[in-house]
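Observations on chain architecture
Each chain, written out:
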Amino acid sequence: MADRIITTTRKTKETDITVTLNLEGSGKAEIRTGIGFFDHMLEGFSRHGFFDLNLTCNGDLQVDSHHTIEDCGIVLGDAIRQALGNKEGIRRFGSCILPMDETLVLCAIDLSGRPYLMFDGEFTAERLGTLDTEMVREFFYAVSYSAGMNLHIKVLNSGNNHHMIEAMFKAFARALDEAVSIDSRIQGILSTKGSL
């Protein structure tokens, strides 16, 4: 199997982002976005999905966190899509129900090539550190559409906002790790259509 490593960039007037993603990694992360809580979430994604992820973003944080977080989602989604190539042999589907203290979060993924986000979770805090909590949904929306994945995230038991968001990122990591994994039983692409 070829290495599934990709480096991709995106530069606009609002952000300058470089991402290197290794789907065959061990969970090593080097993240620098200028938003401490967001960095922490991406480090958790890397660690719990066993992805090696280097991500740097210089964004217009003097405006707010919107462009930085959304554009990081776009570039990460694009890296996932590129690293998967033609998707031969991948399991395609992945899911995880992940507890974090009082919270419980479900994440389910289909790497179908058809982008869709279903996000069911409400936060009671406007901000955690310098991350606007409304941007969590925007991040996952950007990832799902850029990667071409059907992504469902649902908070089953709510509670502390930090716990809910961290559980989302970890559940996403675990579900994605399952979906991108190679299964020797799969010949070609796991679809009756023959392509994804």
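Each remark here, short or long, concerns the structure printed above.
Let me sum up the structure you'll find in this document.

Thresholds, definitions, all that
Residues numbered from 1 in each chain as written. Predicted model: local features only at pLDDT ≥ 70, side-chain atom pairs only at ≥ 80, totals over all residues. Heavy atoms only, no water. Helix = DSSP H or I, 4+ residues; strand = E, 2+ residues; numbered from the N terminus. Rg over C-alpha atoms; globule rule 2.2 N^0.38 Å. Buried < 20%, exposed > 50% of the residue type's maximum accessible area, 1.4 Å probe, protein only. Contact = heavy atoms within 4.5 Å. Areas by Shrake-Rupley, 256 points an atom, 1.4 Å probe, with all protein chains shown as cover. Lys, Arg positive; Asp, Glu negative; His and termini not counted. Charge placed at Lys NZ, Arg CZ, Asp CG, Glu CD. Salt bridge = Lys/Arg side-chain N within 4 Å of Asp/Glu carboxyl O. Core = buried A, V, L, I, M, F, W, Y, C linked by side-chain atoms within 4.5 Å.

1. Looking at the overall build of the chain
Summing up its helical and strand segments, the chain has 4 helices and 10 strands in all. Over its C-alpha atoms the chain spans a radius of gyration of 16 Å, differing by no more than 12% from the 16 Å that the globule rule assigns to 196 residues. By principal-axis analysis of the C-alpha atoms, the chain measures approximately 50 × 40 × 30 Å. Put simply, the chain has 196 residues, and 51% of those count as buried. By sequence separation, contacts in the chain at least 24 residues apart represent 76% of the contacts at least 6 residues apart. Counting every atom, the chain has about 9200 Å² of accessible surface; 47% of that belongs to carbon and sulfur. In the chain, the 19 positive side-chain charges and the 27 negative ones have mean positions that sit 7 Å from each other.

2. Here's the deal with the pattern of salt bridges
Using the criterion set out here, one finds 9 salt bridges in the structure. Ionic pairing is found between D78 and R81, a salt bridge with its closest N-O pair at 2.2 Å. In this pair, D78 and R81 are both assigned in helix 2 (residues 66-84), 3 residues apart and thus about one turn of the helix distant. A relative accessible area of 17% places D78 in the buried class. Among the residues examined, R81 registers a relative accessible area of 38% and is labelled partly exposed. Residue D183 is joined to R185 by a salt bridge in which the shortest nitrogen-to-oxygen separation is 2.7 Å. For D183, a relative accessible area of 11% corresponds to the buried category. Judged by relative accessible area, R185 falls into the exposed class, the value being 68%.

3. A few points about the nonpolar core
Counting residues in hydrophobic clusters, the biggest one holds 58 residues, and the most contacted among them are I109, F140, M149, F169, F172 and L176. Ranked by residues supplied to this core, first place goes to helix 4 (residues 161-180) with 12 residues. Excluding residues that lie within four positions of it along the chain, I109 makes contacts with R92, F93, G94, M149, N150, L151, F172, A175, L176 and A179.

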